[in-house]
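As a plain string of letters, each chain reads:
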Amino acid sequence: IAGHFGYRKRDQHIWVQNFKLCDGKLQSPISISSFKSITLPLPALEIIGYHDFLSTPLYLKNNGHSVVVNVNNHFGKRLPYIFGGSLDINQEYEIDHLHFHWGAKNNRGSEHMLNGIRYPMEMHIVHKNRIYSNLSNALNHKNGLVVLGIFFQLQEEDNKSLCSIINHLTSVRWINNETKLNTSITLASLLPKNTDVFYSYKGSLTTPPCNEVVTWIIFSMPVPISFSQLNKFRLLSNGNNLIADNYRKLQNIGLRKVYIRKL
Ligand code: B30
Ligand code: ZN
């Protein structure tokens, strides 16, 4: 396995041998059903600073299991952050990085499923609780992270908002390649047009070490991406294989509840 874990069925089965937390009762991803979700009169999720240009530099990296946009190290500037929604009052979560999970074929790739649908790609915008000094500290606390999950849906036309990332994918074709993005990203343009409707539940990192520290917020509305744009993700390599189907198998929901916020 290039990197420290793999996604093939036999690779996923041995995650628990090396990473005990992957065998827990609050694991992600899960299959979400709107009918089985509990409607709560939640306030809106407040998404702050997502319309600003991120003060550069932003780095794009192939880590062997995904491609990551690192948004950290913005010395002196306040990072974009989220609060409200299903999150505990007074808890603010600032962005750390975003990354993607995608399929080799169009009928798979997303980690979560929604109403029986597996989308061709899912983006995760990973946020860390402000009270913890860095990501690895946050991984030791059950209110450590919030991840926004965004589904992608294929359409004919390119999604222009993704170009600043996708145009640089050829520069990070190989594992550990890293490149500086020359254009700023406006995070808001990567979100669905409507962020009023979302699902929320308590889960885990979907990769080893599988810490059960994530409040998941999954937007109901997908974001468009073109076939040719998605194909550019499928050219990334971990040295041995193309990176694709980098999604974890569904985990048991167990005794957990999934909440839905509607307008
Ligand atoms: S996810 O959104 O649930 N897919 C981490 C954060 C979010 C998710 C998965 C993992 C995370 O912070 N992992 C620990 C740091 N990583 C990051 C990395 O470079 O990828 C180190 C690691 O080993 O776990 Cu390879
Ligand atoms: Zn992820």
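Here the structure is shown first, and the text comes after it.
Residues numbered from 1 in each chain as written. Chains lettered and ligands numbered in written order. Predicted model: local features only at pLDDT ≥ 70, side-chain atom pairs only at ≥ 80, totals over all residues. Heavy atoms only, no water.

Student: Could you give an account of the pairing of strand S6 (residues 81-84), with specific residues and numbers?
Tutor: One ladder, built from 4 bridges, connects strand S3 (residues 45-48) with S6; its direction is antiparallel. Looking across to S6, one finds that Glu46 is bridged to Phe83. Relative to strand S7 (residues 93-102), S6 runs antiparallel, the two being bridged by 2 bridges. Counted as the bridge partner of Ile82 is Tyr93 from S7. (Pairing = 2+ DSSP bridges. Helix = DSSP H or I, 4+ residues; strand = E, 2+ residues; numbered from the N terminus.)

Student: So, the state of the cysteines: which residues are in play, and what are the values?
Tutor: Under the criterion given, the structure shown has 1 disulfide. Covalent S-S linkage joins Cys22 and Cys210, the inter-sulfur distance amounting to 2.0 Å. The disulfide joining Cys22 to Cys210 has a torsion of about 80° about its S-S bond and is therefore right-handed. Highlighted residues: Cys22 in the loop between helix H2 (15-18) and strand S1 (31-32) and Cys210 in the loop between strand S12 (198-203) and strand S13 (214-219), separated in sequence by 188 residues. (Disulfide = S-S within 2.5 Å.)

Student: Go over the coordination of the zinc ion (ligand 2), please, and point to the residues and values.
Tutor: At this site the zinc ion (ligand 2) is bound by His99 (NE2), His101 (NE2) and His124 (ND1), with donor distances of 2.0 Å. Seen from the zinc ion (ligand 2), its 4 donor atoms lie at angles of 98 to 117°, and the figure they make is tetrahedral. All donors to the zinc ion (ligand 2) come from one chain, and their sequence spacing reads H-x1-H-x22-H. With His101 in strand S7 and His124 in strand S9 (residues 121-129), this residue pair connects regions lying 23 residues apart in the sequence. We note that His101, like His124, is buried. (Donors = N, O, S within 2.8 Å, 3.2 Å for Na, K, Ca; no water. Tetrahedral: all angles 85-135°; square planar, octahedral: opposite > 155°, others 65-115°. Buried < 20%, exposed > 50% of the residue type's maximum accessible area, 1.4 Å probe, protein only.)

Student: Give me the lowdown on the site of ligand 1, citing residues and values where you can.
Tutor: As a matter of local geometry, ligand 1 sits amid 17 residues, with His4, His65, Leu135, Thr206 and Thr207 nearest to it. At 2.7 Å from a nitrogen atom of ligand 1 is found a side-chain nitrogen or oxygen belonging to Thr206. Residue assignment for the shell around ligand 1 shows that the elements contributing at least two residues are S7 and S9. Across the shell around ligand 1, the residue classes break down as 8 nonpolar, 9 polar and no charged. (Near = heavy atom within 4 Å. Polar contact = N/O pair within 3.5 Å; in protein donor to acceptor, adjacent residues only side chain to side chain. Nonpolar A, V, L, I, M, F, W, Y, C, P; charged D, E, K, R; others polar.)

Student: So, the packing of aromatic side chains: which residues are in play, and what are the values?
Tutor: Inspection of every chain in the model, using the stated rule, returns 9 aromatic pairs. One aromatic cluster is present, formed by Phe100, Trp102, Phe152 and Phe233 through successive ring pairs. Above the plane of the ring of Tyr81 lies Arg130, whose end atom (NZ or CZ) is 4.6 Å from the centre. (Phe/Tyr/Trp six-rings, centres within 6.5 Å; stacked < 30°, edge-to-face > 60°. Lys NZ or Arg CZ within 6 Å of the ring centre and 35° of its normal.)

Student: Got a sec to walk through the coordination of the copper atom of ligand 1? Specific residues and values, please.
Tutor: In this structure the copper atom of ligand 1 is ligated by exactly one protein donor, His65 (NE2), at 2.4 Å. Here His65 is to be found in the loop between strand S4 (59-62) and strand S5 (67-70).

Student: Could you give an account of unusual backbone geometry, naming the residues involved and the relevant values?
Tutor: Each neighbour pair has its own omega, and for Ser28 with Pro29 the value is 5°, a cis peptide bond. Note that the residue after Pro208, namely Pro209, is joined by a cis bond; omega there is 10°. Within the secondary structure, Pro209 is located in the loop between S12 and S13. One non-glycine residue, Cys210, adopts positive backbone phi at about 60°. Exposure remark for Cys210: the relative accessible area of 0% places this residue in the buried category. In this structure, Asp245 is a non-glycine residue whose phi angle is positive, near 55°. Within the fold, Asp245 resides in the loop between helix H5 (227-233) and strand S15 (259-261).

Student: Go over the pairing of S7 with me, naming the residues and quoting the values.
Tutor: In terms of burial, S7 is largely enclosed, as 10 of its 10 residues are buried. Direction of pairing for S5 relative to S7: antiparallel, over a ladder of 3 bridges. For Val69, the partnering residue across the bridge sits in S7 and is Leu98. Note: S7 against S9, 9 bridges, orientation antiparallel. Its bridge partner lying in S9, Glu94 is registered against Lys128.

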